[in-house]
Amino acid sequence: MKIKKNIVLLIALFYIGGITFAQTAPKGVKLTPKEKKELNTFFSNFSEVFVEPFKKDDITDINLVKFSVLHNYRNNEKLFVRGGKEYQLKIKVSYIDDSVNRFFGKKIKKHQSVDSDGIIYKDGWYYISEASGEVFYFSQLVSLTDIGNNMYTAAVNVYYAGSGWTGNVHGTEKEWKKFSPDDVPQLANVMQATLQKVTEKGKSRYILIDYIKVK
């Protein structure tokens, strides 16, 4: 009789466990066109400034600084003022901190120069020389999967085109060929990323947890 009760208990636990697993199993997220465009833009922020692949909690201060300075130079040039040598611009360190928190949910432990990219840190400012004519990189979301607890995995294609390309970054290869047959964006990398959805002051956003090169 005791054996039979144990068997019934095991079956019950297995059944409950199965139900729990079904509730937390990864599931594809159906996005509206607007939501997909927003995530395309989110990921393009990383590809356009050549963020290197990193694992969870493994991105360095130098790479956070590099991302934030170059991201703001491309997208928030109004935050820069002239300063330093000729053709140099500078940005307050507080803006760099804000962008790192916004996109990574992290805080830079040590502010420093990034010599390899000509980024100089001095007295609470980051200095950078004006530049133009770079190859144009952008990203498109392929799929988004909900893995529970406000965490998601994403498959992302990274493309590149000539610096003067002005096509639709949310478009298709067919559309690109029609728009500019001589400068069709090419696939550069396939990335897999983990995102976390966070809410602050009633507003939600994604932060990047890891960013792994697949192809």
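Summary of the structure given here. Predicted, not measured: the structure shown is a model, and the values here were computed from it. Counting from 1, residues in each chain are numbered in the order their sequence is written. Only residues with pLDDT of at least 70 are given local features in this predicted model, and only at 80 or more are side-chain atom pairs given and counted; all residues enter the totals for whole chains, interfaces and linings. The basis for every side-chain value is the complete set of non-hydrogen atoms in the structure, without hydrogens or water.

Our focus in this paragraph is the sheet that holds strand E5 (residues 125-129). Here we have four strands laid out as an open sheet, ordered E2-E3-E5-E4, and antiparallel in their pairing. Two strands close off the open sheet at either side, each with one partner strand: strand E2 (81-82) and strand E4 (120-122). Pairing between E2 and strand E3 (residues 88-92): two bridges, direction antiparallel. The partner of Arg82 across the bridge, within E3, is Leu89. Contacts were defined at the residue level, with two residues in contact if any of their heavy atoms lie within 4.5 Å. Interaxial angles span 0 to 180 degrees and are taken between N-to-C directions of axes, which are lines fitted to C-alpha atoms, for helices over the stretch in contact. Only DSSP runs of H or I with at least four residues qualify as helices, and only runs of E with at least two residues qualify as strands; both kinds are numbered from the N terminus onward. Across the sheet, helix H3 (residues 61-75) is in contact with E3 and E5; its angle to E5 comes to roughly 65°. Along the sheet, helix H4 (residues 93-104) makes contact with E3, E4 and E5, crossing E3 at roughly 65°. A pair of strands counts as paired when DSSP detects no fewer than two bridges linking them.

So, about the pattern of salt bridges. A pairing counts as a salt bridge when a side-chain nitrogen of Lys or Arg comes within 4 Å of a carboxyl oxygen of Asp or Glu. On inspection of all chains with the given rule, the structure shows seven salt bridges. Salt-bridge contacts for Asp117 lead to Lys66; the nearest nitrogen and oxygen are separated by 3.7 Å. Placement of the pair is Asp117 in the loop between H4 and E4 and Lys66 in helix H3, with a sequence separation of 51 residues. Burial status follows relative accessibility: with a 1.4 Å probe on protein chains alone, a residue under 20% of its type maximum counts as buried, one over 50% as exposed, and anything between as partly exposed. By relative accessible area, which is 14% here, Lys66 ends up buried. The salt bridge partner of Glu200 is Arg205, with a shortest N-O separation of 3.0 Å. Residue Glu200 is classed as partly exposed on the basis of its relative accessible area, which comes to 41%. Overall, Arg205 belongs to the buried group, its relative accessible area being 19%.

Another point: the nonpolar core. The nonpolar core is taken to be a set of buried Ala, Val, Leu, Ile, Met, Phe, Trp, Tyr and Cys residues, with the residues joined through side-chain atoms within 4.5 Å. Within the largest apolar cluster, 39 residues are counted, with the highest numbers of intra-cluster contacts made by Phe43, Phe46, Phe104, Leu195, Leu208 and Tyr211. With six residues, the top contributor of residues to this core is H3. Beyond its immediate chain neighbours, meaning those up to four positions away, Leu195 contacts Leu39, Phe42, Phe43, Leu144, Asn150, Met151, Tyr152, Tyr206, Ile207, Leu208 and Ile209. If you look at the next biggest cluster of nonpolar residues, it comprises seven residues, including Phe136, Phe138, Tyr159 and Trp165.

This brings us to the sheet that holds strand E9 (residues 203-213). Strand order across the open sheet formed by five strands is E1-E6-E7-E8-E9, with antiparallel pairing between neighbours. Unpaired on one side and paired on the other, strand E1 (27-28) and E9 mark the two borders of the sheet. Inspection of the sheet shows E1 paired to strand E6 (residues 136-148) by two bridges, in the antiparallel sense. Note that in E6 the partner of Lys27 across the bridge is Asp146. Packing against the sheet, helix H2 (residues 33-47) makes contact with E6, strand E7 (151-161), strand E8 (186-200) and E9, and its axis sits at approximately 120° to E6.

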